[in-house]
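Residue strings, one per chain:
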Amino acid sequence: MNFLSLIGSVVLAFLGHIGRLTIFTATALSHCVRPPIYPRLIGRQMIDIGYYSLPVVGLTAIFSGMVLALQSYTGFARFAAGSENAVANVVVVSLTRELGPVLAGLMVAGRIGASMAAEIGTMRVTEQLDALTTLSTNPFKYLVVPRLIAGLLMLPLLVLIADIIGVFGGFVVSVYKLGFNPAAYITNSYDFMKPLDVISGLVKAGVFGFIIALMGCYSGYYSKGGAQGVGAATTNAVVSSSILILTFNYIITELFFGT
Amino acid sequence: MSATAQNQASKIRLRDVHKSFGAKKVLAGIDLDIAKGESVVVIGGSGTGKSVLIKCIIGILLADSGLIQVDGQDVAQVEANARDAVNRKFGMLFQGGALFDSLPVWENVAFGLMQRERMSRAHAKERAVETLAKVGLNADVGELSPSELSGGMQKRVGLARAIAGEPEIVFFDEPTTGLDPIMADVINDLIISVVKQQGITALSITHDMHSARKIGDRITMLYEGKLIWDGAAKEVDRSGNPFVDQFVHGNAEGPIKMQVRR
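Quick summary incoming for the structure in this document. (Residues numbered from 1 in each chain as written. Chains lettered and ligands numbered in written order. Predicted model: local features only at pLDDT ≥ 70, side-chain atom pairs only at ≥ 80, totals over all residues.)

**Some points on the sheet that holds strand 1 (residues 10–21) of chain B**
Residues and elements named next belong to chain B. Here 4 strands make up an open sheet; going across it, the order is 2-1-4-5 and the pairing antiparallel. Each edge of the open sheet is held by one strand with a lone partner, namely strand 2 (24–35) and strand 5 (73–74). As paired elements, strand 1 and strand 4 (residues 65–70) share 5 bridges and run antiparallel to each other. Looking across to strand 4, one finds that histidine 18 is bridged to serine 65. (Pairing = 2+ DSSP bridges. Helix = DSSP H or I, 4+ residues; strand = E, 2+ residues; numbered from the N terminus.)

In structure tokens form, the structure reads like this:
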């Protein structure tokens, strides 16, 4: 009986969590389309999410592209001679469809999601959110909406740059280490890549950006207690947004490329 | 209720207000009237629901039942778009200051002016500097970050933020907690001067009896979710109520039993 009640309480807590997240998301979205909007805060968040994430996303992309080229080359060499020509195709398709958005999403979740949860969580436990309310400022409009909009807009931009850097990383390894013809590599990449590859990656990036900001804000907004509560909120933000990124990655892939 | 409060229309009126968190009843039928320009202090032990009472009036928390009126308007029934007009009447000094640490001091003070009244940054900064002067801080402090201020200075900035929008009602949540006795008295004097100068209605919560006697026209005591005593501040030392007596004198022995795990 105790075991059953334990399962019941876990299920109820989970459903309560889902319900609260749904209401939080709906409230945030409704505030996105109602004035006042704070362009200054949106700009600040765009710089924080986009510009300051560029080094970490760029480094992740370039090494991913380099490793992908090297692994593809050595992997294909086991099957047939000459199949190395497919390296350019594998690099460009893998990066634009999958690795670019997913790796950028996970890296930004670690950097930005955690930071959002920590900042808003600290504001919660130090009554700064209550202070906003007493100053006639809706915390959703002032804190959540700018982060959601900035996440939604900046992740696609970051992923576009990550795609270019990643393909460049694959090019460098292929040409300077594996001895490929540079012109042939570029032609192969360009010819094989379809607009849908890039578009699907950018759509994923937009969704991931929204998820990262949403989970960061949600975890911080409902944090409790002191430093421990803020720490838990930070962990929750990163873990939940990472899981959601991987889940939605499959769903969007299925929508674009599912048979 | 005091004669003053009875004779004038209440600025704040609470009737049978209840608030629970799960099985824990925090407010169990609060009745309170505060007249315009009156300063009322709610005393009571830690965790008795004093902050919850203020948060229910401001609308940060929603009371489970009962009536909360400000100027005759039921604040629980106010539409979301009219909430702003009600909030304009309020200012609040939070226990820990609750200053926005991402903003400099002057922007903290001017925050309500810029957000609520759409004042330009330059004009709002002028007003912030004037308000900082009222609480004894010079313009240089305005450029500092809240983390660079001492506890007493943070309270002063919090007070400046609370009064910058010239509110009709100011709530003081433990205004002297964590301060040394001299700084606590400075804060008390500042509260008295701004409240009296601007004719503000004030509701304070504290367990600092020196502060309660000094800033309150009236004192009321919250115990187990109810206001068990209400009288003039000067009467608090001869209330005749054993709960109030124990609290005022800080005796461990008496009708109030602290739950101490041994």
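Let us keep going from here.
**Observations concerning the pairing of strand 6 (residues 90–93) of chain B**
Residues and elements named next belong to chain B. Every second residue of strand 6 is oriented toward a common face, with Phe90 and Met92 on one face and Gly91 and Leu93 on the other, all of them buried. In terms of strand pairing, strand 6 meets strand 7 (residues 169–173) through 4 bridges, oriented parallel. Of the residues in strand 7, the one forming a bridge with phenylalanine 90 is isoleucine 169. (Buried ≥ 20, exposed ≤ 12 C-beta atoms within 10 Å, placed from the backbone.)

**A closer look at the interface of chain A and chain B**
Taken together, the 10 residues of chain A in the interface contact 15 residues of chain B. Partitioning the side of chain A that touches chain B into residue classes produces 2 nonpolar, 6 polar and 2 charged. (Contact = placed C-beta atoms within 7 Å. Nonpolar A, V, L, I, M, F, W, Y, C, P; charged D, E, K, R; others polar.)

**Description of the nonpolar core**
Counting 136 residues, the largest nonpolar core has Val108(A), Leu148(A), Cys217(A), Leu53(B), Val109(B) and Val170(B) as the members making the most contacts within it. Counting residues per element, this core draws most heavily on helix 6 (residues 139–177) of chain A, which supplies 17 residues. Counting contributing residues per domain, this core is built from domain 1 (1–89 + 167–262) and domain 2 (95–166) of chain B, each supplying no fewer than three. When neighbours within four sequence positions are excluded, Val109(B) is seen to be in contact with Ala128(B), Thr131(B), Leu132(B), Val157(B), Ala160(B), Arg161(B) and Ala164(B). (Core = buried A, V, L, I, M, F, W, Y, C linked by C-beta atoms within 7 Å. Domains from an automatic or database assignment.)

On their own, these measurements won't tell you what the molecule is for.
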